[in-house]
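# Examination of the molecular architecture
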Amino acid sequence: MSSISNSATPPPALMRRVTFAAAIGNTIETYDYAVYGFLTIVLAKLFFPDSQPGVALLSAFAVFGVAFVVRPLGSLLFGSIADRIGRRPSLVATLVLMALATTAIGLLPTAASVGVWAPILLVGCRLLQGLAAGGEYGTAMTYAAEFTPQRKRGAMTSRVQIGSVASLLLAAGMVLLLNAILTPAQMETWGWRIPFLIALPLGLIGLWIRATLEESPEFRALEQRGAVTSSPAKESFAKHWRLIVLVFGIAAFQQIGYYVAFTYAQSYIIQLGFTQKQATLATVISIAVAIVLVAVGGPLSDRWGRWPMLLWLSAAMLVLAYPLFAALSSATSLAAVVFFTVLLGVVPALYTSVAPATYIEVVPARVRATVFAVGFALAAALLGGPALYVSQFLVRLTGDNRAPAYFLMFGALVSLVAALVVRRQRPQVLAPDLAVAAADGAPTARSQQGV
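About the cut-offs
- Residues numbered from 1 in each chain as written.
- Predicted model: local features only at pLDDT ≥ 70, side-chain atom pairs only at ≥ 80, totals over all residues.
- Heavy atoms only, no water.
- Salt bridge = Lys/Arg side-chain N within 4 Å of Asp/Glu carboxyl O.
- Helix = DSSP H or I, 4+ residues; strand = E, 2+ residues; numbered from the N terminus.
- Buried < 20%, exposed > 50% of the residue type's maximum accessible area, 1.4 Å probe, protein only.
- Patch = residues over 30% accessible without salt bridge, like charges linked within 9 Å, V, L, I, M, F, W, Y side chains within 5 Å.
- Areas by Shrake-Rupley, 256 points an atom, 1.4 Å probe, with all protein chains shown as cover.
- Axes fitted to C-alpha atoms, helices over the stretch in contact; angles between N-to-C directions.
- Parallel < 35°, antiparallel > 145°, perpendicular 65-115°, else oblique.
- Left-handed = near helix turned anticlockwise from the far one by under 90°.
- Contact = heavy atoms within 4.5 Å.
- Nonpolar A, V, L, I, M, F, W, Y, C, P; charged D, E, K, R; others polar.
- Core = buried A, V, L, I, M, F, W, Y, C linked by side-chain atoms within 4.5 Å.
- Phe/Tyr/Trp six-rings, centres within 6.5 Å; stacked < 30°, edge-to-face > 60°.

The final tally for this structure, using the stated rule, is 12 salt bridges. Linking Arg153 and Glu361 is a salt bridge whose minimum nitrogen-to-oxygen distance equals 2.5 Å. In this pair, Arg153 sits in helix H8 (residues 153-181) while Glu361 sits in helix H17 (residues 334-361), placing the two residues 208 residues apart along the sequence. An identical accessibility class is assigned to Arg153 and Glu361; each is buried. Ionic pairing is found between Glu214 and Arg220, a salt bridge with its closest N-O pair at 3.4 Å. On the basis of relative accessibility, which here comes to 35%, the residue Glu214 falls in the partly exposed class. Among the charged side chains, a network of salt bridges with common partners joins Asp83, Arg87, Glu146, Glu218 and Arg368.

Next up on the list: a nonpolar patch on the surface. A surface patch of nonpolar side chains, amounting to about 470 Å² of accessible area, comprises Val114, Val116, Trp117, Ile120 and Leu121. Broken down by element, the residue count for the nonpolar patch peaks at three residues, all from helix H7 (residues 117-145). The topology assignment puts Val116 in the loop between helix H6 (111-114) and H7. What makes Val116 exposed here is its relative accessible area of 57%.

A few words on the packing of helix H14 (residues 241-271) against helix H19 (residues 387-398). Taken N-terminus to C-terminus, the directions of H14 and H19 make an angle of 40°; their axes are 10 Å apart at the nearest point. By the angle between their axes, H14 is oblique relative to H19. By crossing handedness, the relation of H14 to H19 is classed as right-handed. Between H14 and H19, the contacting residues are Tyr259, Val260, Thr263, Tyr264 and Gln271 on the first element and Ala387, Leu388, Ser391, Gln392 and Val395 on the second. Here the residues of the contact of H14 with H19 sort into six nonpolar, four polar and no charged.

Now for the environment of Ala23. Along the chain, Ala23 falls in helix H1 (residues 12-38). In the structure, Ala23 is positioned 121 residues away from Ala144 in sequence and 8.9 Å away in space, judged by C-alpha atoms.

Position of Ser330 relative to the elements: it lies in helix H16 (residues 306-330). For Ser330, a relative accessible area of 53% gives the class exposed.

Judged by nonpolar contacts, the single largest core of 137 residues is most densely connected at Phe47, Ile250, Tyr359 and Leu408. No other element matches the 18 residues that H14 contributes to this core. Once residues lying within four places of it in the same chain are set aside, the contact partners of Phe47 are Leu108, Pro109, Thr110, Ala111, Ala118, Pro119, Leu122 and Trp192.

Turning next to the side chain of Gln392. If you trace the backbone, Gln392 turns up in helix H19. Apart from the residues lying within four places of it in its own chain, the contact partners of Gln392 are Leu57, Leu58, Phe61, Tyr264 and Gln271.

This part takes up the packing of aromatic side chains. Within the structure shown, the criterion is met by 17 aromatic pairs. On the basis of an interplanar angle of 85° and a centroid distance of 6.0 Å, the ring pair of Tyr137 and Phe372 is categorised as edge-to-face. Here Tyr137, found in helix H7, pairs with Phe372, found in helix H18 (residues 368-384); they are 235 residues apart in sequence, far enough to count as distant. Given the relative accessible area of 4%, Tyr137 is considered buried.

Pasting the structure below:
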């Protein structure tokens, strides 16, 4: 039976385990990326000490983005595992690799000790992080959604998404705490390592949880029908490349908005003349508000539909991005900075709560993990990863502190078009699952709200 048509609700205890198991990997993945983003200015001094400050910061941002370069490769590897062998084995493998790569960053020697090898080793660890992240998000969301009835799928995936946003809060809070209790010299000497090393115990907890999971009902159903594909990657690109493009389009604003509003904003505020503590505090408050909005946005999409929310949120960011950056760049008090930083994160937070369920519902189960992972990873590689670098580059190129707004507007425009395509193509893209539902004697998706 297809999850598109599934109306039975699994036991609450099972759903809590599934939610937590799916969320823990996303939490660790985003925590690992966020810690790097929040410590970029410190890492620039330690791993690129011979560069001019502005160039060193761009170099550190470039290393942040390099992890995204291999995410499409990771999506093919782990997405194929999820569609060919099972969602659970893929979830375990991505978690182990991510936790080990992040812990390794916390153990790296700096340029003062090993010279040019320091940034080389840093890049190597970031590449391993990117490989794991390429398969983590799509597989985790797929796993959680396939346990969930259609009428509750937005709420379920938004709860998993809370793990990603909460990890930003965890990372920002950790950096804020360290900056409060350590001197700048202590922070640059050894304090920066602590947030990365925390990934190891988090990973062990997540591994224990995921190792006890059962396979998703949808994948078990595919196995029982003998419908599991032997070549997910080949089938995805040969038959479903348009869906990969559609997932990419939906993810464009999610990727850019997420990293600009909740990661780049901290460095941006510091460059406006505020201290690292003040900038991190503003970001922490913004992320805390975002967690609430993510929790609200998913259930709202179950009621109102996915594509209308995606459409109006993209349109709102297209209109509001420049005024918000103009207001933030002109802020002279910490209160004003906090206020406009929070406003900057409102629309991206709501959007990121709606998008995951949409990815699930526009891709057939047979290749769902692969198509989802590849489309999302390509958006991450081409838009999310370079977000910090592009935002900073635009400021340096134009001399205009409001220039990052243009990148946000670009992402919003791409996703606005994708939302219109979701509406137009909905009957076609759901056809494979409708066929399965009919074969199983289940009610068809035409009687449900869906995408």
